[in-house]
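This is what each chain is made of:
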Amino acid sequence: QVQLVESGGGLVQAGDSLRLSCTTSGRNFNHYIMGWFRQAPGEEREFVAAITWSGADTRYVDSVKGRFTISRDNAKNTIDLQMNNLNPEDTAVYYCAAKATTLEMFSKSRVSGYWGRGTQVNVSS
């Protein structure tokens, strides 16, 4: 059974940091693009960040550039999202995803893949 399990969410204040982790199991995700999406209440799911299998290339939505950093440890089957200088607009459920696609196509909702169940991040002002 393929599983992606997110952890690390919580309630923080504006300006604080959180580190999200996603642990995968059930299949080999080598050569998959992996990354994070988020969905705020009443909003559509939004791409946040993605990383290639090697970790050499990454992509971020403009609103998190310079604040969030995605990383990957293939030996441990994990990806992390370090989130610094959080603000209330970052409040959302954060989902881990793995897609057999390109870095450029990973953010497209029409591209299917494997998903976790999400972890809640709440940032108070």
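Whatever comes next refers back to the structure up there.
For the structure given in this document, a descriptive report is provided here. Remember, predicted model here, so these are calculated numbers, not experimental data.

As for unusual backbone geometry
The residue His31 is not glycine, and still its phi comes out positive at about 75°. When you line up the elements, His31 lands in the loop between β3 (18-25) and β4 (33-39).

Regarding the environment of Ser25
Along the chain, Ser25 falls in strand β3. Residue classification places Ser25 among the partly exposed positions, given a relative accessible area of 31%. Ser25 sits 48 residues away from Asp73 along the chain, and the two C-alpha atoms are 13 Å apart. Setting aside residues no more than four positions away along its own chain, Ser25 makes contact with Gln1, Val2 and Gln3.

Here we look at the packing of aromatic side chains
Inspection of every chain in the model, using the stated rule, returns 7 aromatic pairs. Relative to Phe106, the ring of Phe37 has its centre 5.4 Å away and its plane inclined at 35°; by these criteria the two rings are tilted. Here Phe37, found in strand β4, pairs with Phe106, found in the loop between β9 (92-99) and β10 (114-115); they are 69 residues apart in sequence, far enough to count as distant. The buried category is assigned to Phe106, whose relative accessible area is 0%. Members of the aromatic cluster, each reached through a chain of ring pairs, are Phe37, Phe47, Phe106 and Trp115. Here Arg27 stacks its cationic end above the ring of Phe29, 5.8 Å away from the centre of that ring. Directly above the ring of Trp115 sits Arg45, whose terminal nitrogen or CZ lies 4.6 Å from the centroid.

Some remarks on the side chain of Arg72
Here Arg72 shows up in strand β7 (residues 68-73). No salt bridge is formed by the buried Arg72; its nearest oppositely charged neighbour, Asp73, is found at 8.6 Å. Within the structure, the side chain of Arg72 is placed 3.1 Å from the backbone oxygen of Phe29, a separation counted as a polar contact. Here the side chain of Arg72 touches Thr52 through a polar contact of 3.3 Å, landing on its backbone oxygen.

Rules of the game
Residues numbered from 1 in each chain as written. Predicted model: local features only at pLDDT ≥ 70, side-chain atom pairs only at ≥ 80, totals over all residues. Heavy atoms only, no water. Helix = DSSP H or I, 4+ residues; strand = E, 2+ residues; numbered from the N terminus. Buried < 20%, exposed > 50% of the residue type's maximum accessible area, 1.4 Å probe, protein only. Contact = heavy atoms within 4.5 Å. Phe/Tyr/Trp six-rings, centres within 6.5 Å; stacked < 30°, edge-to-face > 60°. Lys NZ or Arg CZ within 6 Å of the ring centre and 35° of its normal. Lys, Arg positive; Asp, Glu negative; His and termini not counted. Salt bridge = Lys/Arg side-chain N within 4 Å of Asp/Glu carboxyl O. Polar contact = N/O pair within 3.5 Å; in protein donor to acceptor, adjacent residues only side chain to side chain.

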